[in-house]
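Coordinates in review
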Amino acid sequence: MAELSGPAAAEAQAERPFPPGEYPVVVVGSGPGGLQFSYALRRLGIDHALISEDLAAGGMFRRWPFFQRLLSWTKPFAPAERSSRAYERYDWNSLIADDPAHRALQVGFMDGSSEFPARPEMERNLVTFAERTGIRVRFGCRWESTRRVEDRDGERFVLTTSDGEYTARVAVFAVGVAEPWRPPTPGIELVAHYADTRPAETYADRRIFIIGKQNSGFEIASGLLQWASRIILASPSPAKLSVNTKSLVGVRARYVQPVEDHNLGGGVSILDASVDSIERAGKAFRVRVRRSDNGAGLEFEVDEVIAATGFVTPLRDLPDLGIATFGQSKLPAQTPWWESANVPGIYFAGTIGQGSAGLKKHGIPANSGAVHGARYNARLLAERIATHDFGAVVPRDPIGNGDVLPFCLDELQRSPELWHQRAYLASVITVTPEDGIRQAGIVPLATFLDDGGPDGIALTIEADGTGSIYPAVYVRNDGRIAEHLLPPHPLLDFRTSEHRDQLSAILGTLGLR
């Protein structure tokens, strides 16, 4: 085939940018994490290639959730202007941008029937963000394998793809936790996974057994309540509900209708039981389980079995390079800056970033597995790679001493990073003789506490699992860390005179006001 030249070559390059070759950074994935990271990295002036095996932007939202309504809200009307940073606290689904015209895109695609966007609305939000901000992606380019090479310039990563080889000093994987996983239960290969769920009407008048009692299992149960003749959900442990954990841990409130049906005898059964085996019984399935409380065996004959058993991270051959993983989801072990704990130069963005767990105070994890948390991680990761790996300098604004207290009160009240990533991200102010008082930006809280540095304060929002939400201030003074917890407020107003007085006293330990 003859090579293209002139206008034809330019058109092909615009349609499929980033041909195989060498780049400073290669990013894999065009879901929310890949898009947000690419946007932020480009704004910092770091050239990179963004590739994706998908044919369009959107990641998992091109297909899931199966029953089409998200768990994350976008509130059309909120106590903040839509184009403002403060509105991000009420919009969990839009990606974040510097230009106000590119912010809060999600609400523009919602039909007003719910504060939870439909799946196609979310997909359009992501596609539009990429279009309006000029994010370029080489679609239809499947990442297949990775290896390391050494040359005179140091170590490089070579990513083999369906289009050819990409070489980069830094590789960022934003591939989600999207590969269906099944436990080694005898007969599990006979049944459908959540990812293979059929249209709801095809389950009419069917007896359905769902393996798994997390969000995906209850999503299926909720979506089939009006279709199935009977629904059974089973897993060894009791289901956790977010309304009880007072966090995003557990089944979200939108999916708890099957719990009420179970409690009121409405045709849904929720069992704490392990599945011993599944086998065919003519056109039906025979499912044998063992109760968790007394070990007694039970047997069910059903028409359908769906394994809502979760997903794992599609890391391909990265473990062969030394990437350590943990947990059922096979998340890569990461530093607080989302870099592989074992292989420097490999980073992770998007949902996969939940492998960097943070402090998990009171057992509550960060929201890195969702868009409203991961979008801030991606922006910070771009800044980290730009400064740490490529020597970029990000200016830090000075702040007058008399302005510190008002700044802190405003951050605690309005900063979406702190509200969405509680006890995980922090807004930092540093104090040095050379540079004076400076806004050091948003950083992972663990780095402020563990990595040392100049005197300063870190502001964050925390929750204790009882429903109480309150500000927390960490002071680093001469290398020592002191924790100060401010009181909660029934209306979440942290600008009261009580909060002002307590925060003023805390700042005074560093001579700030």
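Rules and cut-offs
- Residues numbered from 1 in each chain as written.
- Predicted model: local features only at pLDDT ≥ 70, side-chain atom pairs only at ≥ 80, totals over all residues.
- Heavy atoms only, no water.
- Helix = DSSP H or I, 4+ residues; strand = E, 2+ residues; numbered from the N terminus.
- Buried < 20%, exposed > 50% of the residue type's maximum accessible area, 1.4 Å probe, protein only.
- Contact = heavy atoms within 4.5 Å.
- Pairing = 2+ DSSP bridges.
- Axes fitted to C-alpha atoms, helices over the stretch in contact; angles between N-to-C directions.
- Salt bridge = Lys/Arg side-chain N within 4 Å of Asp/Glu carboxyl O.

Now for the environment of Ala 273. Among the structural elements, Ala 273 can be located in strand β10 (residues 268-281). Accessibility expressed as a relative area gives 1% for Ala 273, which makes it buried. Between the C-alpha atoms of Ala 273 and Ser 237, which are 36 residues apart in sequence, the distance is 7.3 Å. What Ala 273 contacts, discounting residues up to four positions off in sequence, is Ala 234, Ser 235, Pro 236, Val 289, Arg 290, Arg 291 and Ser 292.

What follows concerns the sheet that holds strand β19 (residues 436-444). Taken together, 5 strands build an open sheet; the order of strands is β19-β18-β20-β21-β22 and the sheet is antiparallel. At either margin of the open sheet sits one strand with a lone partner, and together these are β19 and β22 (480-485). Adjacent strand axes in the sheet meet at a mean angle of 20°, parallel and antiparallel pairs treated alike. As paired elements, strand β21 (residues 469-477) and β22 share 6 bridges and run antiparallel to each other.

This paragraph deals with helix α8 (residues 404-414). Because an α-helix completes one turn every 3.6 residues, residues spaced three or four positions apart along the sequence face the same direction. Burial within α8 is extensive, with 8 of its 11 residues counted as buried. Regarding α8, the residues found buried are Val 404, Leu 405, Phe 407, Cys 408, Leu 409, Glu 411, Leu 412 and Gln 413. Each element contacted by the buried residues of α8 is listed here: α9 (416-420), β18 (425-432), β19, β20 (455-463), β21 and α11 (497-508).

This brings us to the environment of Phe 326. With respect to the helices, strands and loops of the structure, Phe 326 is situated in strand β15 (residues 325-326). Considering only alpha carbons, one finds Phe 326 and Pro 76, 250 residues apart in sequence, at a separation of 39 Å. If sequence neighbours within four positions are ignored, Phe 326 has contacts with Leu 331, Pro 332, Ala 333 and Gly 355.

Another aspect to go through is the pattern of salt bridges. Taken as a whole, this structure holds 33 salt bridges when the rule is applied. Note that Glu 22 and Arg 156 form a salt bridge whose closest N and O atoms lie 3.7 Å from each other. Of this pair, Glu 22 sits in strand β1 (residues 21-28) while Arg 156 sits in strand β4 (residues 154-161), placing them 134 residues apart in sequence. For Glu 22, a relative accessible area of 56% puts it in the exposed group. Residue classification places Arg 156 among the buried positions, given a relative accessible area of 12%. Of the charged contacts, one joins Glu 155 and Arg 148 as a salt bridge, the two residues approaching to 3.9 Å between their closest N and O atoms. Judged by its relative accessible area of 31%, Glu 155 falls in the partly exposed class. Residue Arg 148 is classed as partly exposed on the basis of its relative accessible area, which comes to 37%.

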